[in-house]
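Survey of secondary and tertiary structure
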Amino acid sequence: MILKAIYHPEIHLKSMHEVVQSVDAYKISIDGAEFQFAVSATDEFYPSSFGRYRLLWKLRENAYDYEYYLYCLLRELYNIEKEWSLELQDIMQPLLCYKQSLFEDGECFKRMAMVLRFLKQKGFIQEMELEADFEGKEWKKLIGERRIGLCLIDMDALNAAVNRKSQAWSLKDEILLILNTQEIKLDGKYYILTNEHCEPYLSFAGGKLGGHLKLHIYGRLDCPSALRHLAKGHYKKNRVFFANEEKAVAAGFRPCAVCMQKKYIEWKNANREV
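Structure report, in brief. Being a predicted model, the structure only gives us computed values, none of them experimental.

The rules we used
Residues numbered from 1 in each chain as written. Predicted model: local features only at pLDDT ≥ 70, side-chain atom pairs only at ≥ 80, totals over all residues. Heavy atoms only, no water. Axes fitted to C-alpha atoms, helices over the stretch in contact; angles between N-to-C directions. Helix = DSSP H or I, 4+ residues; strand = E, 2+ residues; numbered from the N terminus. Left-handed = near helix turned anticlockwise from the far one by under 90°. Contact = heavy atoms within 4.5 Å. Nonpolar A, V, L, I, M, F, W, Y, C, P; charged D, E, K, R; others polar. Phe/Tyr/Trp six-rings, centres within 6.5 Å; stacked < 30°, edge-to-face > 60°. Lys NZ or Arg CZ within 6 Å of the ring centre and 35° of its normal. Buried < 20%, exposed > 50% of the residue type's maximum accessible area, 1.4 Å probe, protein only. Salt bridge = Lys/Arg side-chain N within 4 Å of Asp/Glu carboxyl O. Pairing = 2+ DSSP bridges. Disulfide = S-S within 2.5 Å. Core = buried A, V, L, I, M, F, W, Y, C linked by side-chain atoms within 4.5 Å.

Thoughts on the packing of helix H4 (residues 107-122) against helix H7 (residues 171-180)
Two numbers describe how H4 lies on H7: the axes approach to 8 Å, and their chain directions differ by 145°. The two elements H4 and H7 meet at a crossing, and its hand is right-handed. Contacts between H4 and H7 involve Arg111, Met112, Met114, Val115, Phe118, Leu119 and Lys122 from the former and Leu171, Glu174, Ile175, Ile178, Leu179 and Asn180 from the latter. Taken together, the residues that form the contact of H4 with H7 break down as nine nonpolar, one polar and three charged.

Overview of the packing of aromatic side chains
All told, the structure shown has twelve aromatic pairs when counted by the stated rule. An angle of 65° between the planes, with centres 5.2 Å apart, marks the rings of tyrosine 68 and tyrosine 69 as edge-to-face. Ring geometry for tyrosine 190 versus phenylalanine 204: centroids 5.7 Å apart, planes at 75°, classification edge-to-face. Placement of the pair is tyrosine 190 in the loop between H7 and strand E10 (191-194) and phenylalanine 204 in the loop between strand E11 (200-203) and strand E12 (209-212), with a sequence separation of 14 residues. By the ring-pair criterion, three or more aromatic residues cluster together here, those being Tyr7, Tyr26, Phe37, Tyr46, Trp57, Phe134 and Trp139. Over the aromatic face of tyrosine 235 sits the side chain of arginine 239, whose NZ or CZ is 5.1 Å from the ring centroid.

Details of the environment of valine 23
Mapped onto the fold, valine 23 is located in the loop between strand E3 (20-22) and strand E4 (24-30). Since its relative accessible area comes to 10%, valine 23 is described here as buried. Separated by 15 residues in the primary sequence, valine 23 and alanine 38 place their C-alpha atoms 6.2 Å from one another.

Digging into the pattern of salt bridges
In total, this model carries nine salt bridges according to the counting rule given. Its salt-bridge partner being glutamate 131, residue arginine 147 comes within 3.0 Å of it at the nearest N-O pair. Of this pair, arginine 147 sits in the loop between helix H5 (137-143) and strand E9 (148-154) while glutamate 131 sits in strand E8 (residues 125-132), and the two are 16 residues apart along the sequence. You can call arginine 147 partly exposed: its relative accessible area is 33%. Assessed through its relative accessible area of 25%, glutamate 131 is described here as partly exposed.

Thoughts on the sheet that holds E12
Strand order in the open sheet made by the four strands is E14-E12-E13-E15, with mixed pairing throughout. The open sheet terminates on both sides in strands that have one partner only, identified here as strand E14 (239-242) and strand E15 (254-255). For strand E13 (residues 217-220) and E15, the ladder comprises two bridges, and the chain directions are parallel. Bridged to tyrosine 218 within E15 is proline 255.

Observations concerning the environment of glutamate 145
Within the element layout of this structure, glutamate 145 appears in the loop between H5 and E9. Sequence-wise, glutamate 145 and alanine 132 are 13 residues apart; in three dimensions their C-alpha atoms are separated by 9.6 Å.

Description of the sheet that holds strand E7 (residues 53-58)
Taking strand neighbours across the sheet as the criterion, the seven strands line up as E5-E4-E1-E8-E9-E7-E6 in an open arrangement whose pairing is mixed. Unpaired on one side and paired on the other, strand E5 (33-39) and strand E6 (49-50) mark the two borders of the sheet. Across the face of the sheet, H4 comes into contact with E7, E8 and E9 while running at roughly 100° to E8.

Overview of unusual backbone geometry
A negative phi holds for most residues other than glycine; trans holds for most peptide bonds. With a phi close to 55°, aspartate 31 is a non-glycine residue in the positive phi region. Within the element layout of this structure, aspartate 31 appears in the loop between E4 and E5. The backbone of histidine 216 sits at a positive phi, close to 55°, despite the residue not being glycine. Along the chain, histidine 216 turns up in the loop between E12 and E13.

So, the state of the cysteines
The bond known as a disulfide is covalent and runs between the sulfur atoms of two cysteines. Tallied over the entire structure, the rule returns zero disulfides. In this model cysteine 256 remains outside any disulfide bridge; the closest cysteine sulfur is found in cysteine 223, 3.8 Å from its own.

Some details on the side chain of asparagine 238
Within the secondary structure, asparagine 238 is located in the loop between helix H8 (224-231) and E14. Those residues in contact with asparagine 238 that lie beyond four places of it in its chain are Ala168, Gly211, His212, Leu213 and Lys214.

Quick word on the nonpolar core
Across soluble globular proteins, nonpolar side chains show a tendency to be buried alongside one another. Formed by 50 residues in total, the largest nonpolar core has its most connected members in Leu70, Val115, Leu119, Ile153, Leu158, Leu171 and Phe242. At eight residues, H4 tops the list of elements feeding residues into this core. If sequence neighbours within four positions are ignored, isoleucine 153 has contacts with Arg52, Tyr53, Arg54, Leu56, Leu70, Leu73, Phe124, Ile125 and Leu158. Counting residues in hydrophobic clusters, the runner-up holds 23 residues, among them Ile28, Leu59, Ala132 and Leu152.

Just distances and angles here, no functional claims.
Spelled out as structure tokens, the structure:
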């Protein structure tokens, strides 16, 4: 999505040192409301929030701006680093030394790029580009012919997902899985599946079977009973997925009597004999 940034040369903004500076100021409109920013060599004239949104900026030729600011946001709001293993803290440490380590170790940035992609996939983030209607002096100097990248994070939705467990695994659990994963992949979709120990894990392929975490029942993804309950909103917080039937059985789940009748009868007869 491309938004027009409207040039407003008459705007003068104060720096953090209360010094009024003449800068390339622009206004953009989001959800019918306007806010202003100024092209600058420092971050102080780029607002970090607007309404219900947290703003992530990609200002220059820097591949990891979004990831660094997302990392700062997660640390600030959710303190998820308290749950990180020592190994993961070591992996993510370069983000604390952002500019110095940028070209030395890209692994931590790639993990945050996976989190960013996952949050986009979940619908928490909108990504757009800002295009100037007029390129002022600073825009030409710092941005050139490119556009400014901007990510909007819906903080109302994100806070609700993080602070309320509305599904089998919380968003915090899912983020930690991505940060802890051994395999780094920056394309395609990410899925949270359940393993044979009834624990979540990150997968780059979707599940073949669905399950109910509380009732320990598994079945087809098109199961009419499951779809009916999901439509009523009764099933989502216990919904899990399995890569195959072996993992579902090993996790202690039994076949659904509606969509897997033959398997269910076999399971019932075997348990009756026991």
